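# Per-entry structural report
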Amino acid sequence: LCEYDEVAKLCAEVAGTELNIQHYDVSLGKAKFPFRMTDFYVSPDLAKSKLGWEGAKNSLKDDLKWYFESYKARGGMTKDISFDQDKEVLGA
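Residues numbered from 1 in each chain as written. Predicted model: local features only at pLDDT ≥ 70, side-chain atom pairs only at ≥ 80, totals over all residues. Heavy atoms only, no water.

### Quick look at the overall build of the protein
Looking only at helices and strands, the protein features four helices and zero strands. Ordering the α and β elements of the protein from the N terminus gives α-α-α-α. Taking 92 residues into account, the globule formula puts the C-alpha radius of gyration at 12 Å, and the protein, at 17 Å, lies well above it. The C-alpha extent of the protein, read off along each of the three principal axes, is 45 × 35 × 20 Å. Looking at the protein as a whole, 10% of its 92 residues qualify as buried. Contacts in the protein between residues far apart in sequence, at least 24 positions, make up 51% of those at least 6 positions apart. Counting only carbon and sulfur atoms, one obtains 54% of the accessible surface of the protein, whose full area is about 8100 Å². In the protein, which carries 13 positive and 16 negative side-chain charges, the distance between the mean positions of the two groups comes to 5 Å. (Helix = DSSP H or I, 4+ residues; strand = E, 2+ residues; numbered from the N terminus. Rg over C-alpha atoms; globule rule 2.2 N^0.38 Å. Buried < 20%, exposed > 50% of the residue type's maximum accessible area, 1.4 Å probe, protein only. Contact = heavy atoms within 4.5 Å. Areas by Shrake-Rupley, 256 points an atom, 1.4 Å probe, with all protein chains shown as cover. Lys, Arg positive; Asp, Glu negative; His and termini not counted. Charge placed at Lys NZ, Arg CZ, Asp CG, Glu CD.)

### Some remarks on the packing of helix α1 (residues 4-15) against helix α3 (residues 60-73)
Running from N to C, α1 and α3 cross one another at 50°; their axes reach a closest spacing of 9 Å. Classified by the interaxial angle, the pair formed by α1 and α3 is oblique. Considering how the two elements wind past one another, α1 and α3 form a crossing that is right-handed. On α3, the residues touching Val-7, Leu-10, Cys-11, Glu-13, Val-14 and Ala-15 of α1 are Leu-60, Lys-61, Leu-64, Lys-65 and Phe-68. A per-class count over the contact of α1 with α3 returns eight nonpolar, no polar and three charged. (Axes fitted to C-alpha atoms, helices over the stretch in contact; angles between N-to-C directions. Parallel < 35°, antiparallel > 145°, perpendicular 65-115°, else oblique. Left-handed = near helix turned anticlockwise from the far one by under 90°. Nonpolar A, V, L, I, M, F, W, Y, C, P; charged D, E, K, R; others polar.)

### Structural notes on the environment of Gln-22
Inspection of the secondary structure assignment puts Gln-22 in the loop between α1 and α2 (45-51). Using a relative accessible area of 46% as the deciding quantity, one classes Gln-22 as partly exposed. Considering only alpha carbons, one finds Gln-22 and Asp-5, 17 residues apart in sequence, at a separation of 9.7 Å.

### As for the pattern of salt bridges
One pass over the structure, following the stated rule, counts three salt bridges. As a salt-bridge pair, Lys-61 and Glu-13 come within 2.3 Å of each other at their nearest N and O atoms. Residue Lys-61 is found in helix α3, and its partner Glu-13 is found in helix α1; the two are separated by 48 residues along the sequence. Given the relative accessible area of 28%, Lys-61 is considered partly exposed. Here Glu-13 falls in the partly exposed class, since its relative accessible area comes to 47%. (Salt bridge = Lys/Arg side-chain N within 4 Å of Asp/Glu carboxyl O.)

Following this line, the structure appears as structure tokens:
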């Protein structure tokens, strides 16, 4: 299992960028953004038992490298992205 912070750190490492993780204050209640108020985990165990899936063939970091290269190839690094809702949620 990976925590969201771990995935964020791997993404930043793969992208070669700095990371500033900010956690939402759950005491503020549910925001517009789809934050979960509880811990959330996903496991492949059911897929393994029901479908006979053997599990991942690559590490998460290797897969993230592939996704990031694909993102760059589609022009993702040069697209305009609005962070207005992010700023609103984080109170910036």
